[in-house]
Structure formats: structure tokens, C-alpha cells
Amino acid sequence: MTAEHLDVLIVGAGISGVGAARYLRARHPAKSFAILEARGATGGTWDLFRYPGIRSDSDLHTFGYEFKPWREKESIASADRILAYLRGTVTENELEPHIRFHHHVLSADWSSRDGRWQVEVRRGDTAETVTITANWIFCAAGYYRYDEGYTPHFEGRDRFAGEIVHPQHWPEDFDTTGKRVVVIGSGATAVTLIPALAQSAAHVTMLQRTPSYVLPLPSKDGLANLLKRLLPEDRAYALTRRKNIAQQRLIWRFCRRFPQAARRLIRWTNRKALPEGFPVDEHFNPPYDPWDQRMCIVPDGDLFKSIRAGKASVVTSPVTRFTPAGVETASGEVIEADVIITATGLNLQVAGAIGLSVDGRPVSLPDTVVYRGMMLSGVPNFALAIGYTNSSWTLKIGLLCEYFCRLLAHMDATGSDTAWAVADPDMPTRPLLDFGAGYVQRSLADLPKQGPAAPWLMSMSYAEDLGLLRAGAVADEHLHFASSADRQEAGTPRSA
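Summary of the structure given here. Position labels on residues start from 1 in each chain and follow its written sequence. Per-residue local features are limited, in this predicted model, to residues with pLDDT of at least 70; the limit for side-chain atom pairs, both in listing and counting, is 80 or more; totals at the level of whole chains, interfaces and linings are taken over all residues. The basis for the side-chain values is all heavy atoms of the structure; hydrogens and waters are excluded.

So, about the sheet that holds strand β14 (residues 319-323). Strand pairing is defined by DSSP finding a minimum of two bridges between the two strands. We count a stretch as a helix when DSSP gives it H or I for four or more residues in a row; a strand needs E for two or more, and each element gets its number in order from the N terminus. One open sheet accounts for three strands, arranged β14-β15-β16; its pairing is antiparallel. Taken across any chain shown, the strands that pair with only one partner, and hence form the sheet edges, are β14 and β16 (334-336). Across this sheet, the average inter-strand angle for adjacent strands is 20°, counted without regard to direction. Bridging between strand β15 (residues 326-329) and β16 involves three bridges; their strand directions are antiparallel. Each bridged residue has a counterpart across the sheet, and for Gly326 the counterpart in β16 is Glu336. All axes are obtained by fitting lines to C-alpha atoms, using only the stretch in contact for helices, and the reported angles, taken between N-to-C directions, cover 0 to 180 degrees.

Given below as C-alpha cells:
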């Protein structure tokens, strides 16, 4: 049986994959494509995670798509509203016929002879394995591992008499009403969970090894809502988006250039929001500088309100062991609990754990260098979608999708069917993400590398990426092209 062939195969039906499909359909309507989604629903992260209170930690005017205004009054939004927005995008752009659920991509092998990918896909609904060929793969699976979260070893875990839950695997209808809850962790998941649980739990304790920076922000953007009343919707959204992009960048640059001043300002904000006499320096004064790790945003200061109301408390000390009644810390304190939630982070994986190979030779991701934040050196016709860590994820994804569409147009215009990036083997490299979060540090050895400067730099600047991805030349000396006529003469692309 002849394998189905597509111009572009998109992996993942989350916010990146849906965005990529919309850009492709709008700018290359004649190209065939499909979105393969391993799960049974669109939404990615926003459909997978079901823990109480789940919401964005970026404003939806920048986390949303540039082409689709965010219409809600709250700019920091709950998962159900983000899902409705994302699925509305699918419907409005008639993407449903292109989405195939329960399709898990196992492997993809590039054939230099044929100038196409051969992709092996396991169908979760029928248990069969099917083959699809494609000119391009656009991998929009993010960089989180969706089948399991990260949980460190806890001595005595089996002795605990209550229930232990990881937020990534929140049981349906799990109820903590009237229970004593300990949330282990201090990142975005923990600070989201605690105010939500505190509404009905007997008490919630945030148990953290080290503090994180926590910054309260209004859930509603007053200027955005004013502009919506005064201007046409598209214009109001565009102005709000530009304002928030500039604001995000200004805050990040201030924190990086003046870390001590930023630390003092955040501490002052926290102290105002917390009860009189609360030990701010013990529980909200991290040992690292602002934005060495991602900042935790709490809309309307909901975490601090829970602490002020006596519904939540904070303990800063490493876990020594679990006991039958709760958790014992290194400081000797025993925290009694009915439920322990291990908000201890996620595991990373790049390219959706697809087994990539070029002409039968496996691709070693750590031996590749990322080109324009999108392609892997030596791997033809393969694009990745990795967003910003210091700003809204989708800002970068939109620019990558634009560049991808420009690249396809360039190849059509020049009669090329193959494109691959070639890195100088003597070029110095460094880890893909300059980020101190534990989930990143644990995985750096398995990730691609970045170079010292564009186009090999994993840029975290929207302003710089505008020049590189939207306005800059499509091709440069690092990007090589071949056509069906000269592919054999050019030979197999070499990895970096």
C-alpha cells in the first residue's frame, strides 16, 4: 500500500500546533497538511493539566495569537477560557478536518534520495502502525514530557497514610475539602494550586526547599479594557499587545541589569501583601537573582491573600522524609497532612521524543545546534517550535511560524525541495537554554546546543527576533538548499 504523502506534517495540537496550522493554511492554502495529536483532544497543556486553579502565568494579549484578539476582561486567564480561545481558533480557521487524534509519532527517517520524511505513527485508537511521508515536519510538541512529571525520591513515601498526588496526574473529582494539604514545591504550579485549594481545604502548607520570586499582578488589564471600549477590537488588541510586549521586556531587562534593585522592589511588594511581621526574607527571598528562573505570577495576589486569611502557610526547609502522618523537614518540623501534592516539576523532552534519523543514521540531539531557534543543524526539512522562557511562549511561536511560511515560499520560488542548516564544527556552543530552573538543568545534556550569535543563538528577545525571523533575509550562508535535480550531486546533508 502506498503511504499517504503530505507537504507538511505538524506534530501536536496544542497552542503551537494550532497556530502553525493556521499560518500555513492562510499563507500556503494549496499545501496539504495534517496535525497529528497523540491524545484525544486539542489544547496540549491546557487540556492535559486538570489541577485546581490552573491558569496562565502570562497575559493573554501576548500569550494569545497575534491574528486573534483576546476578548475576555481578565488578561490572566483560567485553563477553560484558554481552551475555548484555542478551540475557537480551530473552528474559525476550519482546521478540524486536518487534526488526527490518537496519532503518536514514533520515528521519522529522512531520505536524501527521495527528499522526504518517512514517518511511523502508532494509532492509539486502533493499535495499528501507519506510515506517512512528508516534505516537512513541524514539531509543535513543546519541550515538556506529557506522560509523566518529575518527582524526586522521598524517603518513607510508602509509609504515608494519606494520598499523594502529582499535579500532572490530578485524579478526576479529587476532593481536598476539609483536609490538611501539603504542597511540596514553590514554582508556578504550587503558587497556582495553593489559593485554589485554600478555598475549601482545612489548611494548605507550601513546603519549599528554597523560595521563588513571586510577583502579584492584576488579573485584569485596565488599559486593555479601556481601549476595547474606545477603539475597534483589532486595533485595541494590537495596541495592548505592543504595550505588554514592551512592558515584559522592560521588566526583564531591569531585573537583569539591576538585580539588587529588582530584588528590593519585589521584596517591598511582597511585604505589603503579606501579614504584619511575616518572615518575608525566610520564605520569599530566593538565593538567586530575579529571572535566573522564571518569575511566579499570582493574579490579584491570591496566594498572599490566602496566607493573610490564615488558610495557607509557608515552610522553607528540605524534606527529610515522609512519615505516616505527614512530612518531616530538615529543620525537625513535622507537618501533618491528609494529602501531599508533589508540585516538584516536569521532565523535558525535545521533539516529542520522536526517533529522528537521516538516511538511517540516528540523529543525536546534543550534537546538533539550533538554527534561528527553529531548525537542527544537519537535519533537513525539520522545524521545532520552542517559545520564550522570559516572556510569553506564543510570541516566539508566531514569529517562527511566519519564518517557516516565508521559507516555504522561498523554496517554491527557487525550485528547492530540501533545506538544511550547516554549523561550523569549530563554532563554540553552549546549552540550549540559559535558565536556572531545575527541570531545565536536569535535561541540558540531552538537548541541542546553541551558538554564540545569530542565527545560532537561541534568542530570548522579541525585538531581535522581529529582525531575524520576520523582516530579515530568509536565507544566509548557513542554510543550504537542494532540488530534486541536484540533490544526488549535493550529497547527504552532514550533521554539525
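So, next bit.
For the rest of this paragraph, the subject is helix α4 (residues 79-92). What a helix is expected to span follows from its residue count: subtract one and scale by 1.5 Å. With 14 residues, α4 extends 20 Å between its outermost C-alpha atoms, agreeing within 8% with the 20 Å of an ideal straight helix rising 1.5 Å per residue. For every residue, the accessible area (1.4 Å probe, protein chains only) is compared with the maximum for its type, and the residue is labelled buried under 20%, exposed over 50%, or partly exposed between those bounds. Considered for burial, the residues of α4 that qualify are Ala79, Ile82, Leu83, Tyr85, Leu86, Gly88, Thr89 and Val90. Close packing links the buried residues of α4 with α1 (15-27), α2 (45-48), α3 (60-63), β3 (99-101) and α7 (233-257). Residue Glu94 follows α4 closely and has a positive phi angle near 55°. The contact definition used throughout considers only heavy atoms, calling two residues in contact when any of these lie within 4.5 Å.

Let us look at the pattern of salt bridges. Close approach of charged atoms allows side chains of opposite charge to pair. Salt bridge criterion: a side-chain nitrogen from Lys or Arg within 4 Å of a carboxyl oxygen from Asp or Glu. The full count for this structure, using the stated rule, is 26 salt bridges. Taking the shortest distance from any N to any O, the salt bridge between Arg71 and Glu233 comes out at 2.7 Å. Note that Arg71 is positioned in the loop between α3 and α4 and Glu233 in helix α7, a separation of 162 residues in sequence. Its relative accessible area of 48% is what places Arg71 among the partly exposed residues. With its nearest N and O atoms 3.0 Å apart, the salt bridge here joins Arg321 to Glu328. Arg321 sits in the partly exposed class, given a relative accessible area of 31%. Because the salt bridges share partners, they merge into one network encompassing Arg39, Asp47, Arg50 and Arg87.

Right, let's talk about empty space enclosed by the protein for a bit. Over the atoms rolls a probe the size of a water molecule, and its path tells where empty space is left. In this analysis the probe radius is 1.4 Å and the grid spacing 1 Å, with only protein atoms considered; a cavity is a set of points the probe fits into but cannot get out of, a pocket is an open set with protein on both sides within 12 Å along at least five of seven lines, and lining residues have an atom within 4 Å of a point. Grid points are joined across faces, edges and corners, and a volume is the space filled by probe spheres set on the points. The tally for this structure, following the rule as stated, stands at three cavities of 30 Å³ or more. Put simply, the largest cavity is a space of about 60 Å³. Considering the residues around the largest cavity, the lining is formed by Tyr23, Gly64, Tyr65, Glu66, Arg241, Thr394, Leu395, Gly398, Leu399, Glu402, Tyr462 and Arg470. Elements with a contribution of two residues or more to the lining of the largest cavity: α11 (393-414) and α13 (462-471). Split into classes, the residues belonging to the lining of the largest cavity amount to five nonpolar, three polar and four charged. For the second largest cavity, the calculated volume is near 50 Å³. Along its surface, the second largest cavity is lined by His61, Pro69, Trp70, Ala224, Lys228, Glu233, Ala236, Tyr237 and Thr240. Breaking the lining of the second largest cavity down by element, the ones donating at least two residues are α6 (222-230) and α7. Of the residues forming the lining of the second largest cavity, the biggest block, four residues, is contributed by α7. For this classification, the nonpolar set comprises Ala, Val, Leu, Ile, Met, Phe, Trp, Tyr, Cys and Pro, the charged set comprises Asp, Glu, Lys and Arg, and every other residue, Gly included, is treated as polar. Among the residues forming the lining of the second largest cavity, the class breakdown is five nonpolar, two polar and two charged.

Let us look at the sheet that holds strand β9 (residues 180-184). Read from one edge to the other, the open sheet built from five strands follows the order β8-β17-β9-β10-β13, with strand pairing classed as parallel. Two strands in the sheet have a free side with no partner beyond their single neighbour: β8 (163-165) and β13 (312-316). If you compare each strand with its neighbour and ignore which way they point, the axes differ by 20° on average. Here strand β10 (residues 203-208) runs beside β13; their pairing, made up of five bridges, is parallel.

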